[in-house]
Amino acid sequence: MGVAKQLYRLQELDLEIESNEQALKKVASQIGESQEVARTQKQLELEQQRLEESRHKQHSAEWEIDDIATKISAAEETLFSGRVKNPKELANLQHEVDVLKARRSKLEDKALEIMDKVEQSEAKVAKISSQLKTLTAEWQRQQKQLDDESEKLKAILSDLKHKRQLLAGEIDQPAVEFYQELKKDKGTAVAKVEQGICRGCRISLPTTELQQARSGALVQCSSCGRILFLA
Ligand SMILES: [Zn+2]
């Protein structure tokens, strides 16, 4: 195999390695925490906190209502016991009962409002929990897929790099070094020659260059400087 063909193969391997490295980089960038899952988790925590606060308020209101109910019972018991005979005292007691009942009624309305909030919050918590469960499952499935893809790409890359090492070992060391320099300089070091044209710069090559290239020796395009490879 002529050195130009060997270098062309080396270039093909390098291109394949680069494309797989790009793919691996892309996969690696997708591995990790999901912002959507984190955001939903945060939402859930907030709603759970709200629910807890509402429940706490609900209990407080219920205790207060119970407390007032006890006071009303006591006042009414006295009122109807017959022990109090003074009309003014009776009127005061009745007034106290009325005030307590009005307060209880207000508190009961408030308690209903809070209960409504608790129910709404409970529904939201259930909905977000279910969303989070779905999102997490989907994320885990994706991560597994990405992990598998990453492992596959790593195996391909290891194989390609091994092949490159073997091939580079077969080629004249100075030729490999020259190829590396050209690659660094031009991106593509070896240009195919098709119908007498250098595919690197699309210039028609002089006959002498074509003849030299055909022999498989290391010939550079006089126009772009790339190594010419005649298939
Ligand atoms: Zn050229």
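Residues numbered from 1 in each chain as written. Predicted model: local features only at pLDDT ≥ 70, side-chain atom pairs only at ≥ 80, totals over all residues. Heavy atoms only, no water.

Remarks on the pairing of strand E1 (residues 190-194)
Stage number 1. One ladder, built from four bridges, connects E1 with strand E3 (residues 227-230); its direction is parallel. Residue pairing for E3: Val190 is matched across the bridge by Ile227.
Stage number 2. Where E1 meets strand E2 (residues 197-198), two bridges bridge the pair, whose relative direction is antiparallel. When the bridges of E2 are listed, Val193 appears paired with Cys198.
Stage number 3. Turn length for the E1-E2 hairpin, with the two strands adjacent in sequence and antiparallel, is two residues, and the turn residue Gln195 shows positive phi of about 50°. (Pairing = 2+ DSSP bridges. Helix = DSSP H or I, 4+ residues; strand = E, 2+ residues; numbered from the N terminus.)

Overview of the coordination of the zinc ion
Stage number 1. Looking at the zinc ion, one finds its protein donor set to be Cys198 (SG), Cys201 (SG), Cys221 (SG) and Cys224 (SG), positioned 2.3 Å from the metal centre.
Stage number 2. For the zinc ion, the four donor atoms in the first shell make angles of 106 to 114° at the metal, so the coordination geometry reads as tetrahedral.
Stage number 3. We note that the donor set of the zinc ion lies within a single chain, spaced as C-x2-C-x19-C-x2-C. Taken together, the residues span a long stretch of sequence, with Cys198 in strand E2 and Cys224 in the loop between helix H5 (207-214) and E3 at a distance of 26 residues. The two residues Cys198 and Cys224 agree in class, both being buried. (Donors = N, O, S within 2.8 Å, 3.2 Å for Na, K, Ca; no water. Tetrahedral: all angles 85-135°; square planar, octahedral: opposite > 155°, others 65-115°. Buried < 20%, exposed > 50% of the residue type's maximum accessible area, 1.4 Å probe, protein only.)

Brief notes about the pattern of salt bridges
Stage number 1. In total, this model carries 15 salt bridges according to the counting rule given.
Stage number 2. A salt bridge links Lys152 to Glu149, with the shortest nitrogen-to-oxygen separation between them at 3.9 Å. On the criterion of helical spacing, the pair formed by Lys152 and Glu149 is a turn pair, its members being three residues apart in helix H3 (residues 87-170). (Salt bridge = Lys/Arg side-chain N within 4 Å of Asp/Glu carboxyl O.)

Some thoughts on the side chain of Arg226
Stage number 1. Inspection of the secondary structure puts Arg226 in the loop between H5 and E3.
Stage number 2. Here Arg226 is buried and forms no salt bridge, its nearest opposite-charge partner Asp185 lying at an N-O distance of 8.6 Å.
Stage number 3. Beyond its immediate stretch of four places on either side in the chain, Arg226 contacts Leu182, Lys186, Thr188, Ala189, Ala191, Gly200, Cys201, Val219, Gln220 and Cys221. (Lys, Arg positive; Asp, Glu negative; His and termini not counted. Contact = heavy atoms within 4.5 Å.)

Examining the packing of aromatic side chains
Stage number 1. Following the criterion strictly, the structure yields one aromatic pair and no others.
Stage number 2. Ring geometry for Tyr8 against Phe229: centres 4.4 Å apart, planes inclined by 25°, an arrangement best described as stacked. Taken as a pair, Tyr8 in helix H1 (residues 3-30) and Phe229 in strand E3 lie far apart in primary sequence, 221 residues in all. By the burial criterion, Tyr8 is buried, and Phe229 matches it. (Phe/Tyr/Trp six-rings, centres within 6.5 Å; stacked < 30°, edge-to-face > 60°.)

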